Amino acid sequence: MDLKDKVIWITGASSGIGEALAYQLAKEGCRLVLSSRNKDTLEKVRQYSGIAEERGMVLPLDLAASENFPELAWQVIKRFGRIDVLVNNGGVSQRAFFRETEMEVARRIMEINFFGNIALTKAVLPFMVKQKGGSIVAVTSVVGKYGTPKRSIYSASKHALHGFYDALRAEHWNDHLHVLLVGPGYIKTSLSYNALKGDGSEQGTLDTGQKNGMSPEECARKMIHALKKKKREIYPGGLKERAGVYLKRFLPGLFSKIVRKVNVT
Ligand SMILES: NC(=O)c1ccc[n+]([C@@H]2O[C@H](COP(=O)([O-])OP(=O)(O)OC[C@H]3O[C@@H](n4cnc5c(N)ncnc54)[C@H](OP(=O)(O)O)[C@@H]3O)[C@@H](O)[C@H]2O)c1
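Reading the values: the criteria
Residues numbered from 1 in each chain as written. Predicted model: local features only at pLDDT ≥ 70, side-chain atom pairs only at ≥ 80, totals over all residues. Heavy atoms only, no water. UniProt positions renumbered as here; feature names shortened; annotations may be inferred. Helix = DSSP H or I, 4+ residues; strand = E, 2+ residues; numbered from the N terminus. Rg over C-alpha atoms; globule rule 2.2 N^0.38 Å. Buried < 20%, exposed > 50% of the residue type's maximum accessible area, 1.4 Å probe, protein only. Contact = heavy atoms within 4.5 Å. Areas by Shrake-Rupley, 256 points an atom, 1.4 Å probe, with all protein chains shown as cover. Lys, Arg positive; Asp, Glu negative; His and termini not counted. Charge placed at Lys NZ, Arg CZ, Asp CG, Glu CD. Arc of directions from axis to C-beta. Near = heavy atom within 4 Å. Polar contact = N/O pair within 3.5 Å; in protein donor to acceptor, adjacent residues only side chain to side chain. Nonpolar A, V, L, I, M, F, W, Y, C, P; charged D, E, K, R; others polar. Patch = residues over 30% accessible without salt bridge, like charges linked within 9 Å, V, L, I, M, F, W, Y side chains within 5 Å. Salt bridge = Lys/Arg side-chain N within 4 Å of Asp/Glu carboxyl O. Axes fitted to C-alpha atoms, helices over the stretch in contact; angles between N-to-C directions. Parallel < 35°, antiparallel > 145°, perpendicular 65-115°, else oblique. Core = buried A, V, L, I, M, F, W, Y, C linked by side-chain atoms within 4.5 Å. Expected span 1.5 Å × (residues − 1). Phe/Tyr/Trp six-rings, centres within 6.5 Å; stacked < 30°, edge-to-face > 60°.

As recorded by an unreviewed UniProt entry, the protein carries the name SDR family oxidoreductase and is attributed to Rapidithrix thailandica. UniProt, in its Sequence similarities (unreviewed entry) section for the protein, records the words "Belongs to the short-chain dehydrogenases/reductases (SDR) family."

This is how it looks when you write it as structure tokens:
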């Protein structure tokens, strides 16, 4: 797929993977819609990306409040006439055992990572069907394929995305809808700072895993390559996290013993 002039809507574009994607897609000549909660930071990302105002739209949204997503999708259509790619990247992580996690916090993580994500897809899908094609990129996680301690709800939200998008891909193959699932391992971003503890407060520290992780720029490069090649699933990140995906699938008993002791922060 040639990305020049494509209209690409990125959530979580104010930071980390989404921000790195915005800079690289701007260089590819894409038209961009940048979303997250923080309008000022998004505006800075648009400026740093070097994309002109008429080719870059800042569209703040809260993934925990999806009622206005159909209206937001209309705003993009009115501005650019189409939506070629939706990158559902925005999300929040968890750093607490399940026994310590309040149900309200569990619901918030599901609302942002799962319901907010699929609500935006629901708002964009009719336009992609009408224009006879489009790509939806969902950023999940390696823990969308296996569970680790202190990530129970986060892992559940990401597993849910895998099931959802596999089903959606099958429902819309005839509409030329391409679905790419991206399951990163550790990427060096602010994710662990913003991760929620059991009471809903933010962890506020950088985990060793994230600190030593792949750069968001490298992750974005791999995502763009996979998008151009119309791949179905990729796992950017370190060898250990990626190996877990295959270990869980082929040696689940061994995996369940290893994961008890793994240092997940
Ligand atoms: N970093 C990793 O090691 C790693 C590993 C696996 C998967 N991932 C996934 O990668 C994606 C991007 O995360 P990242 O690593 O780049 O972390 P990040 O730097 O913390 O970025 C998270 C992004 O999500 C946005 N966001 C958070 N809550 C939101 C809400 N309620 N509504 C709208 N936007 C919201 C944030 O923007 P605002 O605060 O401005 O709203 C920010 O732009 C996430 O889905 C994460 O689960 C990351």
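Some details on the overall build of the protein
When helices and strands are counted, the protein shows 10 helices and seven strands. For 265 residues, the compact-globule estimate of 2.2 N^0.38 gives 18 Å, and the C-alpha radius of gyration of the protein, at 18 Å, lies within 12% of that figure. Expressed along its principal axes, the backbone C-alpha trace of the protein runs to roughly 50 × 40 × 30 Å. For the protein, the residues scored as buried account for 52% of the 265 residues in total. Across the protein, every contact between residues at least 6 apart in sequence was considered, and the portion connecting residues at least 24 apart equals 71%. As displayed, the protein has an accessible area near 12700 Å², and 52% of this comes from carbon and sulfur atoms. Of the charged side chains in the protein, 41 are positive and 26 negative; the average position of the first set lies 7 Å away from that of the second.

Observations regarding helix α2 (residues 39-48)
When α2 is considered as a whole, its buried residues turn out to be Leu42, Val45 and Arg46. In an axial view of α2, the angular spread of the buried residues amounts to 100°, which keeps them on one side of the axis. Residues of α2 that are exposed and angled more than 90 degrees away from the buried face: Asp40, Gln47 and Tyr48. Contacts made by the buried residues of α2 are with α1 (16-27), β2 (31-35) and β3 (56-58). Backbone geometry just downstream of α2 places Gly50 in the positive-phi region, at approximately 75°.

A closer look at the site of the ligand
Neighbouring residues of the ligand: 30 residues in total, closest Ser15, Asn89, Tyr154, Thr189 and Gln210. Measuring from a nitrogen atom of the ligand, one finds a side-chain N or O atom of Asp62 at 2.9 Å. Taking Ile187, its main chain carries an N or O atom lying 2.8 Å from an oxygen atom of the ligand. The fraction of the free accessible surface of the ligand (870 Å²) that becomes covered by protein chains is 94%. When grouped by side-chain class, the residues that make up the shell around the ligand number 11 nonpolar, 16 polar and three charged.

Quick look at a nonpolar patch on the surface
Taken together, Tyr246, Phe250, Leu251, Leu254 and Ile258 make up a surface patch of nonpolar side chains, about 510 Å² in accessible area. Where the nonpolar patch is concerned, the elements lending two or more residues are α9 (239-250) and α10 (252-261). Along the chain, the position of Leu251 falls in the loop between α9 and α10.

As for the packing of α9 against α10
At a minimum axis separation of 5 Å, α9 and α10 run at an interaxial angle of 130°. With respect to each other, α9 and α10 are oriented oblique. Listed contacts from α10 to Gly244, Leu247, Lys248, Arg249 and Phe250 of α9 are Pro252, Leu254, Phe255 and Ile258. Here the residues of the contact of α9 with α10 sort into six nonpolar, one polar and two charged.

Digging into the nonpolar core
In this structure, Trp9, Val33, Phe69, Val76 and Tyr165 are the most contacted members of the largest nonpolar core, which totals 39 residues. Secondary structure elements with two or more residues in this core: β1 (7-11), α3 (69-80), α4 (103-130), β5 (134-139), α5 (152-171) and β6 (177-182). Here the element with the most residues in this core is α4; it accounts for 13 residues. Of all hydrophobic cores here, the second largest spans 32 residues; its members include Ala22, Val137, Ala220 and Ile224.

With respect to α1
For α1, which comprises 12 residues, the first-to-last C-alpha distance of 17 Å matches the rise-based estimate of 16 Å (1.5 Å per residue) to within 8%. Buried residues dominate α1, accounting for nine of its 12 residues. Those residues of α1 that sit buried are Gly16, Ile17, Gly18, Ala20, Leu21, Ala22, Gln24, Leu25 and Ala26. Its buried side turned inward, α1 meets β1, β2, α2, β4 (85-88) and α8 (216-228). Gly29 occupies a position one or two residues after α1 and carries a positive phi of about 85°.

Description of the packing of aromatic side chains
Inspection of every chain in the model, using the stated rule, returns five aromatic pairs. The interplanar angle of 85° and the centroid separation of 6.2 Å between the aromatic rings of Phe114 and Phe164 together place this pair among those described as edge-to-face. Of the two residues, Phe114 is situated in helix α4 and Phe164 in helix α5; the sequence distance between them amounts to 50 residues. Relative accessible area serves as the criterion here: at 13%, Phe114 is assigned to the buried category. Residue Phe164 is classed as partly exposed on the basis of its relative accessible area, which comes to 22%. Three or more aromatic residues joined by ring pairs make a cluster, and in this case those are Phe114, Phe115, Phe164 and Tyr165.

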